[in-house]
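Fold and geometry: a report
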Amino acid sequence: MKSQPYIPTKGPGNSRREFIKKGTAGLVTTVAAPSIISCANNNESGKEKLGMALMGLGYYSTEVLAPSIQLCKNTYLAGIVTGTPSKAEAWQVKYNLKKENIYNYDNFDKIADNDNIDIVYVVLPNGLHKDFTIRAANAGKHVICEKPMAVSARECREMINACKDNNVQLSIGYRMHFEPNTQEIMRLAKEKDFGDIRQISSGAGFNMTFFDTWRSKKELYGGSMMDMGVYPLQAARYSTGEEPVSVSAQTFKIRPDLIEADEITSFQLQFPSGTMANCETGFHANFNYLKVYCEKGWYELDPFSAYNGIKGEKSKGEFGFKQVNQQARQMDEVAWCIKNKKPMRVPGEEGLKDIIIVEKIWESIANGGKTVMI
Ligand code: NAD
């Protein structure tokens, strides 16, 4: 493994804080935010910066999104939604939040009357994404929903429809779409500098050492596939620029007493052009890679979905793109698109495409790894 992938689970011996101490993830707050889009152009909303409320103040909001939003030009942290009063107090002081912009899960719907909040960013366990995205949309707020979008294609469609009905925009938190090396992978899929793409290998996993979390359980749809597996799934799709036609999948457990949801999952996709993708995910080891083998060469990102340190190499030289704060770019662009009534780079439909495939992965596993048409 060339560099450390991100480790999202908190807890003794495996905390985000400990990982930061180890040296790579701290860059989230120190890398200069790129200004991909200036807020000065063609702004129809009248506000220079849109107000964002983070919903769910767990690891990702606390350690990553809140520091990153400080670097944004088109949005700022205006409010929070939390069920923990002590967090509400601490965040109010730390981020100088107005009291009227602080909500809990019971009074959240009153956010409809608050013009300070334009965007709600849903950063809750996976099983809660649908309900809170729909509640935010019904309150007339634009929504960013974390990955995986929801737990079924039906839920994803309900979320898309709720946002359409309320005339608000929806984006999914797939930050890699805002990262330059990843954007080069997407360009290569279109322009095929190395000829036909024949084989993709991608994996993302981390060694879970803290188990008392929704992530290891079924109830709120934890498990490695939903948590980390969507990264190689995304990678297979954006590395080909195609949608798979079939999938076969297998799941394995090495610590069944500690991890109730799927611990290790592998899946193989076939694309219309014939390209194959071998993908793997798990809570059993730290790995994070994407390799694309073509007719006339190869290229890879290692790591490919960490917060920073994304490094690209081709059979002819390096990618050579600068490091960026992915989350700042993501939130800034989403806010710019809302202000300027432009479509999202990562709309709800993109999250839905993954979940349709995830449902077929479950179907294959239930049928002993049989190939399932998508
Ligand atoms: P976390 O467990 O650290 O935080 C979850 C938060 O939700 C906590 O503040 C918790 O109090 C709150 N919550 C509200 N209702 C809850 C309930 N019924 N049960 C449990 N918690 C409840 O999780 P996290 O790592 O912050 O992940 C949150 C979401 O963000 C997940 O969907 C995850 O996939 C996503 N995420 C995305 C990235 C990324 O790189 N895009 C990284 C980490 C997490």
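Residues numbered from 1 in each chain as written. Predicted model: local features only at pLDDT ≥ 70, side-chain atom pairs only at ≥ 80, totals over all residues. Heavy atoms only, no water.

1. Details of the pairing of strand β9 (residues 264-270)
Looking along a regular strand, one sees the side chains alternate between the two faces of the sheet. Just so we agree on the cut-off: Accessible area is worked out with a 1.4 Å probe on protein chains only. A residue is then buried under 20% of its type maximum, exposed over 50%, and partly exposed in between. What counts as a helix is a DSSP run of H or I of at least four residues, what counts as a strand is a run of E of at least two, and both are numbered from the N terminus. Paired strands, in this sense, are two strands between which DSSP finds at least two bridges.
Summarising burial for β9: 6 of the 7 residues are buried, a large majority. In the sheet, strand β8 (residues 246-252) pairs with β9 via 7 bridges, with the strands oriented antiparallel. Note that in β9 the partner of Q250 across the bridge is S266. As paired elements, β9 and strand β10 (residues 276-282) share 7 bridges and run antiparallel to each other.

2. As for the side chain of T182
Put simply, the rule reads: A contact between two residues is defined here by any heavy atoms of the two lying within 4.5 Å.
Relative to the helices and strands, T182 resides in helix α7 (residues 180-191). Looking at T182, the relative accessible area reads 0%, which means it is buried. Beyond its immediate stretch of four places on either side in the chain, T182 contacts M176, Y238, L301 and F304.

3. Digging into the sheet that holds strand β6 (residues 170-172)
Spatially, the 6 strands line up as an open sheet ordered β3-β2-β1-β4-β5-β6, and their pairing is parallel. With one partner strand each, in any of the chains shown, β3 (102-103) and β6 form the two edges of the open sheet. Inspection of the sheet shows strand β1 (residues 50-55) paired to strand β4 (residues 119-122) by 4 bridges, in the parallel sense. Across the sheet, residue A53 finds its bridge partner in β4, namely V120.

4. Considerations on the confidence of the model for the chain
For the record, the criterion: Each residue gets a pLDDT score, which is the predictor's confidence in that residue and runs from 0 to 100.
Of all residues in the chain, 88% attain a pLDDT of 70 or more, and the chain-wide mean is 90. Note that residues 1-43 has pLDDT below 50 and, in this model, 115 contacts with residues that lie over four places away or in other chains.

5. Structural notes on the sheet that holds β9
The condition is simple: For helices, the fitted line uses only the C-alpha atoms of the stretch in contact; every axis is such a line through C-alpha atoms, and the angle between N-to-C directions lies from 0 to 180 degrees.
In spatial order, the strands read β14-β13-β12-β11-β7-β10-β9-β8-β15; together these 9 strands make up an open sheet with mixed pairing. In this open sheet, the two strands that pair with only one neighbour each are β14 (317-318) and β15 (372-373). As paired elements, β8 and β15 share 2 bridges and run antiparallel to each other. Counterpart to S246 in the pairing with β15 is M373. With respect to the sheet, α7 is in contact with β7 (197-205), β11 (287-294), β12 (297-301) and β13 (312-314), its orientation differing from that of β12 by roughly 150°. On top of the sheet, helix α10 (residues 348-366) reaches β8, β9 and β15; it is set at about 60° to β8, its chief contact.

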